[in-house]
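One-letter residues, chain by chain:
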Amino acid sequence: MGGDHRFRWLLASSATANLGDGIGKVAFPLLATTLTRDPVQIAALSAVQFVPWLLFAIPAGALIDRVDRKKAMIAANAARAVAVAAVTVLVAVHAMDIWTIYVAALLVGTAETVADSAANVLPPALVPAEGLESANSRLQACEIVGQTFLGGPVGSATFALFAAFPFLLTSAGFAVAAAVLLGLAGSYRPQAETATISIRAGFTAGAGWLREHPTLLRLLAVAGLLSLVSELAQAQLVLYALEDLRLSEAAFGLFSFVGGIGGLAGAALTPRLVRRTGRRPVLIGGVLCCALGFAGMGLVHQPVLAALLFGLFAAAVVAVNVVLATARHTLVPSELLGRVLGVWRTVVWGAIPIGALLGGLCTELLGSAGRTFTASGVLLLAVAGYAAFALRRNALR
């Protein structure tokens, strides 16, 4: 019971941080579209937001294996609050340009590498092993509720009122997330022998561990491919909604709202599906549903049907993420979690800016964001096939 009580502090902090993040993830591209409709420049914003994961995921992973993970989360969320507060002021005085948006996104993303990495390695210290599937599902639910179910509509609606408003709310969300963690009792510093390792040695240990464990290495390959291919379309979502579906800025938030409902459904159903069928079928079926959702979105131009397909994608990607997170928590020793996660995030989240830029180029070449969604869906079918082949004999049950 004590563990569950402590986990609730992490859950509350995650909920408020994800709400702030969700508002910001809608507000930043909407702000960018007031300055340019160039698909490459819009895609570049998504790329910049995830470049820090390519550059700093490994140092962040090594860092959180050396310091108190709770304190690392508090400091990183406080830094994000300050950075977005500065954006709020610049937007309010009409001093923003596209390059300033890129710089702000880069700063917020850098702090996110520490905050998110620390949050992802804390659950095994807060809940028993048999509760990890449920804990990861609840964290995924918080992410989906905050970033799409609430954050999307709030971000678009407040942006329509006045442009600085959503950035003010984003900054407040990060500040509250930092404050809430002060209620989490206990120290979460790794063992003394791991707390003195260098960042270079941390990378070597994390990468070396992965090389010796083929199951997790194959899961990393699946996760990296899923991340790369799905971002082709996701980076073009705002253009797809505004241009292909002819939605208003406010309606774009409602479109994201349906995705949030799908994500919640995925988080609620995944533990039951895993208990009934095992992790492998849920993982492969989830990637397949991601493919069907995006391919379908590219073929339809009716907003309600497109939103339902987006909800299918959201449910499926949450199911995949829950399986992947639980596999990491189950297979990786606690003292190595930060370093292994650093290598993992470098590959998986580092693929996002590459996919985003390729998505922008794809939309330019194909002529519409909808066609990019179709291309992404077809490629995701190939990823599902690879997952079925690569995981046909492994310890993922």
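Residues numbered from 1 in each chain as written. Predicted model: local features only at pLDDT ≥ 70, side-chain atom pairs only at ≥ 80, totals over all residues. Heavy atoms only, no water.

As annotated in an unreviewed UniProt entry, the protein chain is MFS transporter from Amycolatopsis panacis. The heading Subcellular location (unreviewed entry) in the UniProt record of the protein chain holds the text "Cell membrane". (UniProt positions renumbered as here; feature names shortened; annotations may be inferred.)

**Q** Teacher, can you tell me more about the overall build of the protein chain here?
**A** The secondary structure content of the protein chain amounts to 16 helices and 0 strands. Taking 397 residues into account, the globule formula puts the C-alpha radius of gyration at 21 Å, and the protein chain, at 20 Å, falls close to it. Taken along its principal axes, the extent of the C-alpha atoms in the protein chain is 55 × 50 × 40 Å. A buried classification covers 59% of the 397 residues belonging to the protein chain. Long-range pairs, those at least 24 residues apart, make up 88% of the contacts in the protein chain with a sequence separation of at least 6. Surface accessibility of the protein chain: about 15,500 Å² in total, with carbon and sulfur atoms responsible for 68%. Measuring between centres, the 27 positive side-chain charges of the protein chain sit 9 Å from its 19 negative side-chain charges. (Helix = DSSP H or I, 4+ residues; strand = E, 2+ residues; numbered from the N terminus. Rg over C-alpha atoms; globule rule 2.2 N^0.38 Å. Buried < 20%, exposed > 50% of the residue type's maximum accessible area, 1.4 Å probe, protein only. Contact = heavy atoms within 4.5 Å. Areas by Shrake-Rupley, 256 points an atom, 1.4 Å probe, with all protein chains shown as cover. Lys, Arg positive; Asp, Glu negative; His and termini not counted. Charge placed at Lys NZ, Arg CZ, Asp CG, Glu CD.)

**Q** Got a minute to help me understand the domain arrangement of the protein chain in this structure?
**A** Much of the literature gives interface size as the accessible area that the parts lose upon coming together. Under the domain assignment used here, the protein chain contains domain 1 (1–183) and domain 2 (199–390). Centre-to-centre, using C-alpha coordinates, domain 1 lies 18 Å away from domain 2. In this assembly, 47 residues from domain 1 lie in contact with 53 residues from domain 2. Carbon and sulfur atoms supply 71% of the area that domain 1 and domain 2 bury against each other, a total of about 4,300 Å² over both sides. One can count 4 salt bridges joining domain 1 with domain 2. A salt bridge links Arg279 to Glu133; the nearest nitrogen and oxygen atoms lie 3.1 Å apart. (Domains from an automatic or database assignment. Buried area = accessible area lost by both parts, 1.4 Å probe. Salt bridge = Lys/Arg side-chain N within 4 Å of Asp/Glu carboxyl O.)

**Q** How should I be thinking about the environment of Leu122 in this particular structure?
**A** The residue Leu122 is located in the loop between helix H4 (98–121) and helix H5 (123–126) in this model. For the pair Leu122 and Ser187, spaced 65 residues apart in the sequence, the C-alpha separation amounts to 11 Å. Residues contacting Leu122, with those up to four places away along its chain left out, are Leu10, Arg69, Met73 and Tyr188.

**Q** How do you make sense of the packing of aromatic side chains when you look at a structure like this?
**A** Here a ring pair, both rings aromatic, is described through the centre-centre distance and the interplanar angle of the planes. All chains considered together, the criterion is met by 9 aromatic pairs. With a centroid separation of 5.3 Å and an interplanar angle of 85 degrees, the aromatic rings of Trp99 and Tyr102 are classed as edge-to-face. Here the residue Trp99 and the residue Tyr102 both occupy positions in helix H4, the gap between them amounting to 3 residues, near one helical turn. The ring centre of Phe389 lies 4.0 Å from the NZ or CZ of Arg392, which sits over that ring. (Phe/Tyr/Trp six-rings, centres within 6.5 Å; stacked < 30°, edge-to-face > 60°. Lys NZ or Arg CZ within 6 Å of the ring centre and 35° of its normal.)

**Q** How should the environment of Ala325 be read in this particular structure?
**A** Inspection of the secondary structure puts Ala325 in helix H13 (residues 303–331). In sequence terms Ala325 and Ile98 are 227 residues apart; their C-alpha atoms lie 35 Å from each other.

**Q** Looking at this model, I keep getting lost on H4. Mind explaining?
**A** Because the α-helix completes a turn every 3.6 residues, residues three or four places apart line up on one side. Helix length check: H4 (24 residues) gives 35 Å between terminal C-alpha atoms against 34 Å at 1.5 Å per residue, within 8%. Along its length, H4 reaches its greatest deviation from straightness, about 30 degrees, at Glu112. In terms of burial, H4 is a largely internal element, 17 of the 24 residues being buried. Where H4 begins, the side chain of Asp97 points an oxygen toward the backbone nitrogen of Trp99, at a separation of 3.1 Å. (Expected span 1.5 Å × (residues − 1). Bend = angle between axes of the 7 residues up to and from the residue. Polar contact = N/O pair within 3.5 Å; in protein donor to acceptor, adjacent residues only side chain to side chain.)

**Q** Is there a simple way to think about the packing of helix H3 (residues 69–92) against H4 in this case?
**A** Interhelical geometry of H3 versus H4 gives an angle of 160 degrees and a closest axis separation of 8 Å. As judged from the angle between their axes, H3 and H4 are roughly antiparallel. Note that H3 runs across H4; the crossing there is left-handed. Contact residues: Arg69, Ala72, Met73, Ala76, Asn77, Ala79, Arg80, Ala83, Val84, Val87 and Leu90 in H3; Thr100, Ala104, Val108, Ala111, Glu112, Val114, Ala115, Ala118, Ala119 and Val121 in H4. Class assignment of the residues belonging to the contact of H3 with H4 gives a composition of 16 nonpolar, 2 polar and 3 charged. (Axes fitted to C-alpha atoms, helices over the stretch in contact; angles between N-to-C directions. Parallel < 35°, antiparallel > 145°, perpendicular 65-115°, else oblique. Left-handed = near helix turned anticlockwise from the far one by under 90°. Nonpolar A, V, L, I, M, F, W, Y, C, P; charged D, E, K, R; others polar.)

**Q** Looking at this structure, how should I read a nonpolar patch on the surface?
**A** Together, Leu288, Leu292, Leu312 and Leu381 line one region of the surface with nonpolar side chains, adding up to about 320 Å² of accessible area. Mapped onto the fold, Leu381 is located in helix H16 (residues 369–390). (Patch = residues over 30% accessible without salt bridge, like charges linked within 9 Å, V, L, I, M, F, W, Y side chains within 5 Å.)

**Q** Help me understand unusual backbone geometry in this model?
**A** In terms of backbone geometry, most residues other than glycine have negative phi values and most peptide bonds are trans. The backbone phi angle of His94 is positive, close to 60 degrees, even though this residue is not glycine. Positive phi, normally seen in glycine, also occurs at Arg246, with a value near 60 degrees. Considering the arrangement of structural elements, one finds Arg246 in the loop between helix H10 (237–244) and helix H11 (249–277). Residue Arg246 is classed as exposed on the basis of its relative accessible area of 70%.

**Q** I keep staring at the packing of helix H2 (residues 39–64) against helix H15 (residues 351–366) and nothing clicks. Help me out?
**A** Axes are the key here: two packed helices are described by the angle between their axes and the distance separating the axes. Where H2 meets H15, the axes come as close as 7 Å, and the angle between the chain directions of the two elements is 175 degrees. Considering their axes alone, H2 and H15 lie roughly antiparallel with respect to each other. When H2 is examined against H15, the residues Pro39, Val40, Ala43, Ala44, Ser46, Ala47, Phe50 and Val51 are found in contact with a partner set consisting of Ile352, Pro353, Ala356, Leu357, Gly360, Leu361, Thr363 and Glu364. By residue class, the composition of the contact of H2 with H15 is 12 nonpolar, 3 polar and 1 charged.

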